[in-house]
Amino acid sequence: MKPIFVQNEEKELKYFIFGCNEKPKNGEDSCIFKNIKSIPEKAFYAPWNFRRVYFDTKLEIIKKEVFEDCTELEVFCCGKLCKKEKNGKIKGLKFNKKIDSFVIETKAFSGCEQLHTVVLPKCKKLIIEKDAFKGCKGLRTVVCSCKRISFTENPFEDCLESLVFVGKKDSDLKRFARENGYRYVDGK
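Caption draft 1: Just the nonpolar core, in detail. Counting 46 residues, the largest nonpolar core has Phe55, Ile62, Phe67, Phe76, Phe109, Phe133 and Phe156 as its most contacted members. Elements with a contribution of two residues or more to this core: strand 3 (30-33), strand 5 (52-55), strand 7 (75-78), strand 10 (99-104), strand 12 (123-128), strand 14 (146-151) and helix 1 (172-179). Beyond its immediate stretch of four places on either side in the chain, Phe76 contacts Val53, Phe55, Leu59, Ile62, Phe67, Phe109, Leu115, Thr117, Val118, Val119 and Leu120. Grouped together as the second largest cluster of nonpolar side chains are six residues, Cys77, Val119, Val143 and Val164 included.

Rendered as structure tokens:
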């Protein structure tokens, strides 16, 4: 069953309907959303089967507890840079349209135990609130091309020590990674 979603006039995801009790068939374990500007609190709270979620470059805010306890979620990607996956790896990492800011609120991804890759859009300022990734013990890679960051404490403190950040050379994200003992790789 393909997901169906409805947005309001402000481009906020309003309703999300899917076959949550059905096992996904081949090729149906990912979900693509277009023209959504924000995701309201607890939008994906109910158990669901999608392992990969893709949003286009319009998304600017992920509100509180949006993906909380979505234990099957493995990949979250925002932007055209996530074209294809091959053997579990994202191909075609190319940042495009820049937005002013991108916000991930408190506990947005908390409890996503299988989440291993997060790709964020190109932005001028990245804001991630406390406990946004609490309990994401499998998180291995965060990709983001941003100029400035603003984190409430360390939103990645429950994540693996081997967590790798990929971003712009000499960015605030690079400084954050080094100060907190994470690895940093300069992207394009």
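Once the structure has been displayed, the description carries forward.
Caption draft 2: Spotlight on the pattern of salt bridges. Under the defined criterion, the tally for this structure stands at eight salt bridges. The partner of Glu74 in a salt bridge is Arg52, with the nearest N and O atoms 3.9 Å apart. Taken together, the residues span a long stretch of sequence, with Glu74 in the loop between strand 6 (61-62) and strand 7 and Arg52 in strand 5 at a distance of 22 residues. Taking the shortest distance from any N to any O, the salt bridge between Asp186 and Lys174 comes out at 3.6 Å. Taken together, the residues span a long stretch of sequence, with Asp186 in strand 16 (residues 183-186) and Lys174 in helix 1 at a distance of 12 residues. One connected set of salt bridges, linked through shared partners, spans Asp170, Lys174 and Asp186.

Caption draft 3: How the structure looks around the confidence of the model for the protein. On average, residues of the protein carry a pLDDT of 79, and 72% of them reach 70 or more. Here residues 17-26 is a poorly scored stretch, pLDDT under 50, and it has 18 contacts once near neighbours within four places are set aside; other chains count.

Caption draft 4: Focus on the pairing of strand 12. As paired elements, strand 10 and strand 12 share five bridges and run parallel to each other. Its bridge partner being in strand 12, Ser101 is matched across the sheet by Lys125.

Caption draft 5: Broad picture of the packing of aromatic side chains. What the rule picks out here adds up to 14 aromatic pairs. Judged by centre distance (5.1 Å) and plane angle (0 degrees), the rings of Phe109 and Phe133 are stacked. Placement of the pair is Phe109 in the loop between strand 10 and strand 11 (117-119) and Phe133 in the loop between strand 12 and strand 13 (141-143), with a sequence separation of 24 residues. Among the residues examined, Phe109 registers a relative accessible area of 0% and is labelled buried.

Caption draft 6: Looking closely at unusual backbone geometry. Phi is positive for Lys107, close to 60 degrees, though the residue is something other than glycine. Considering the arrangement of structural elements, one finds Lys107 in the loop between strand 10 and strand 11. One non-glycine residue, Asp131, lies in the positive phi region at around 65 degrees. Among the secondary structure elements, Asp131 is positioned in the loop between strand 12 and strand 13. Look at Asp131 and you get buried, because its relative accessible area is 15%.

So, how was this worked out
Residues numbered from 1 in each chain as written. Predicted model: local features only at pLDDT ≥ 70, side-chain atom pairs only at ≥ 80, totals over all residues. Heavy atoms only, no water. Core = buried A, V, L, I, M, F, W, Y, C linked by side-chain atoms within 4.5 Å. Buried < 20%, exposed > 50% of the residue type's maximum accessible area, 1.4 Å probe, protein only. Helix = DSSP H or I, 4+ residues; strand = E, 2+ residues; numbered from the N terminus. Contact = heavy atoms within 4.5 Å. Salt bridge = Lys/Arg side-chain N within 4 Å of Asp/Glu carboxyl O. pLDDT = per-residue confidence, 0-100. Pairing = 2+ DSSP bridges. Phe/Tyr/Trp six-rings, centres within 6.5 Å; stacked < 30°, edge-to-face > 60°.

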